[in-house]
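Below are the chains, spelled out letter by letter.
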Amino acid sequence: MSIFLNMLHIDAGAVGQELLRGKRCLSQGRLQKAADCFRRAVERCPVGQRSTLSHALYWLGLSMLRLSRRDIAARSLASAQKLNRRGHARSLYLRITNEYGMPKQALAQDNDRLAFFSIQIASYLRRSSRSSFNDRTERDAVLSSLLGAWKRLSSGSAWATRSCAEKLKSFREARIEYPLNLGHTQSYAEPLVADFRAKRLVQAQDACRCGSGLAFCRCCGRILGIHESSQP
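Residues numbered from 1 in each chain as written. Predicted model: local features only at pLDDT ≥ 70, side-chain atom pairs only at ≥ 80, totals over all residues. Heavy atoms only, no water.

Colleague: Would you take a moment to explain the overall build of the chain for this structure?
Modeller: In terms of helices and strands, the chain carries eight helices and four strands. By the burial criterion, 41% of the 232 residues in the chain qualify as buried. Long-range contacts, defined as pairs at least 24 residues apart, comprise 53% of the intrachain contacts of the chain with a sequence gap of at least 6. Just so you have it, the chain exposes about 13,300 Å², and 53% of that area is on carbon and sulfur atoms. (Helix = DSSP H or I, 4+ residues; strand = E, 2+ residues; numbered from the N terminus. Buried < 20%, exposed > 50% of the residue type's maximum accessible area, 1.4 Å probe, protein only. Contact = heavy atoms within 4.5 Å. Areas by Shrake-Rupley, 256 points an atom, 1.4 Å probe, with all protein chains shown as cover.)

Shown next as structure tokens:
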């Protein structure tokens with residue numbers, strides 16, 4: 001037991017040193033170096049030290065935000081605020097993200113468009129068990145198809161008045177017509193999430209089952225950014 005406690009003490013000391021080093025680098029404008037320190041702090045943090053882990057994730061998210069890697073910043077802050085609901089991580093996460101749990105865009109329609117593209121690209125790549133496009137030609141063809149589908153889907157004055165849940169339903173039911181050499185027409189089918197105690201499906205606007213106090217779509221059901229799942 002004493003050996004185990006000594007190991008925890010060593011890990012906690014290493015985490016503290018990485019956090020101090022990272023904050024120093026951040027104050028000096030060495031953003032990538034700071035991010036590397038904070039990432040190591042997260043990796044070395046003992047699982048049971050929730051407060052310290054939340055603190056490290058917060059600083060990692062802040063450094064990523066300053067590096068303009070907003071997808072990764074949102075992911076770090078989303079994890080941090082689950083561990084500590086009343087800290088800086090929660091307020092910063094809510095400030096930089098939209099109702100989909102993605103980085104907030106300048107225009108409301110851009111939030112919807114980014115969510116639509118992220119969902120459809122993830123679905124397209126998942127079908128072929130890939131994390132990226134084979135080449136620029138494939139990428140441009142897919143984006144062109146998605147742009148056409150998005151224009152058809154979002155046209156009309158009633159679109160802006162729809163709720164997040166209604167928009168997500170439209171995203172999942174959309175049929176995308178890709179060029180024949182890229183595959184067949186497809187629609188996105190997200191696995192249904194059920195609350196078996198209440199015997200009902202969990203909707204986007206429902207309170208998240210993890211107890212965070214946020215809506216499901218902004219917490220455990222948040223939409224991953226296009227680059228988020230493929231970056232450290």
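The discussion continues.
Colleague: Looking at this model, I keep getting lost on helix α5 (residues 88-96). Mind explaining?
Modeller: An α-helix turns once every 3.6 residues. As a result, residues three or four positions apart point the same way. For α5, the full list of buried residues reads A89, R90, L92, Y93 and I96. Against α3 (50-66) and α4 (70-83) lie the buried residues of α5.

Colleague: Explain the confidence of the model for the chain to me, please; I cannot follow it from the model alone.
Modeller: The predicted structure's coordinates, where accompanied by low pLDDT, should not be read in detail. Of all residues in the chain, 83% attain a pLDDT of 70 or more, and the chain-wide mean is 84. Mean pLDDT in the chain bottoms out at strand β2 (residues 186-187), which sits at 54, and peaks at helix α2 (residues 31-44), which reaches 96. Counting interchain partners and residues more than four positions distant, the pLDDT-below-50 stretch residues 1-10 has one contact. (pLDDT = per-residue confidence, 0-100.)

Colleague: I tried to follow the side chain of S170 on my own but got confused; where do I start?
Modeller: Looking at where S170 falls in the secondary structure, it is placed in helix α8 (residues 164-173). Given a relative accessible area of 13%, S170 falls into the buried group. When sequence neighbours within four positions are dropped, the list of residues in contact with S170 reads L153, W159 and R162.

Colleague: Help me understand the state of the cysteines in this model?
Modeller: Considering all chains together, one arrives at zero disulfides under this definition. For C37, which is in no disulfide, the shortest distance to another cysteine sulfur is to C25 and amounts to 4.7 Å. The exposure class of C37 is buried, given its relative accessible area of 0%. No disulfide involves C219; its nearest neighbouring cysteine sulfur is the one of C210, lying 3.5 Å away. On the basis of relative accessibility, which here comes to 2%, the residue C219 falls in the buried class. (Disulfide = S-S within 2.5 Å.)

Colleague: So what exactly am I meant to see when it comes to the pattern of salt bridges here?
Modeller: Opposite charge on two side chains permits them to pair, given that their charged atoms come into close proximity. Counted by the stated rule, this structure contains nine salt bridges. A salt bridge links E18 to R21; the shortest N-O distance between them is 3.1 Å. Highlighted residues: E18 and R21, both in helix α1 (residues 2-27), separated by three residues, approximately one helical turn. Salt-bridge contacts for E18 lead to R40; the nearest nitrogen and oxygen are separated by 3.1 Å. Remark: R40 occurs in helix α2 and E18 occurs in helix α1; sequence separation between them is 22 residues. Take E18: its relative accessible area is 4%, and that puts it in the buried class. For R40, a relative accessible area of 26% corresponds to the partly exposed category. (Salt bridge = Lys/Arg side-chain N within 4 Å of Asp/Glu carboxyl O.)

Colleague: Sorry if this is basic, but what is going on with α8 here?
Modeller: Within α8, burial applies to C164, K167, L168, S170 and F171. The arc that holds the buried residues of α8, viewed along the axis, is 160°, so those residues lie on one side. Taken together, the buried residues of α8 touch α6 (108-127) and α7 (136-154). (Arc of directions from axis to C-beta.)

Colleague: Can you walk me through the nonpolar core in this structure?
Modeller: Nonpolar side chains tend to gather and get buried jointly when the protein is soluble and globular. Of all hydrophobic cores here, the largest spans 31 residues; its most connected members are F38, Y58 and L77. At the level of secondary structure, the elements contributing two or more residues to this core comprise α1, α2, α3, α4 and α5. When residues in this core are grouped by element, the largest group, eight residues, is from α3. Among the nonpolar cores identified, the runner-up in size contains 24 residues, and M102, W150, A174 and I223 belong to it. (Core = buried A, V, L, I, M, F, W, Y, C linked by side-chain atoms within 4.5 Å.)

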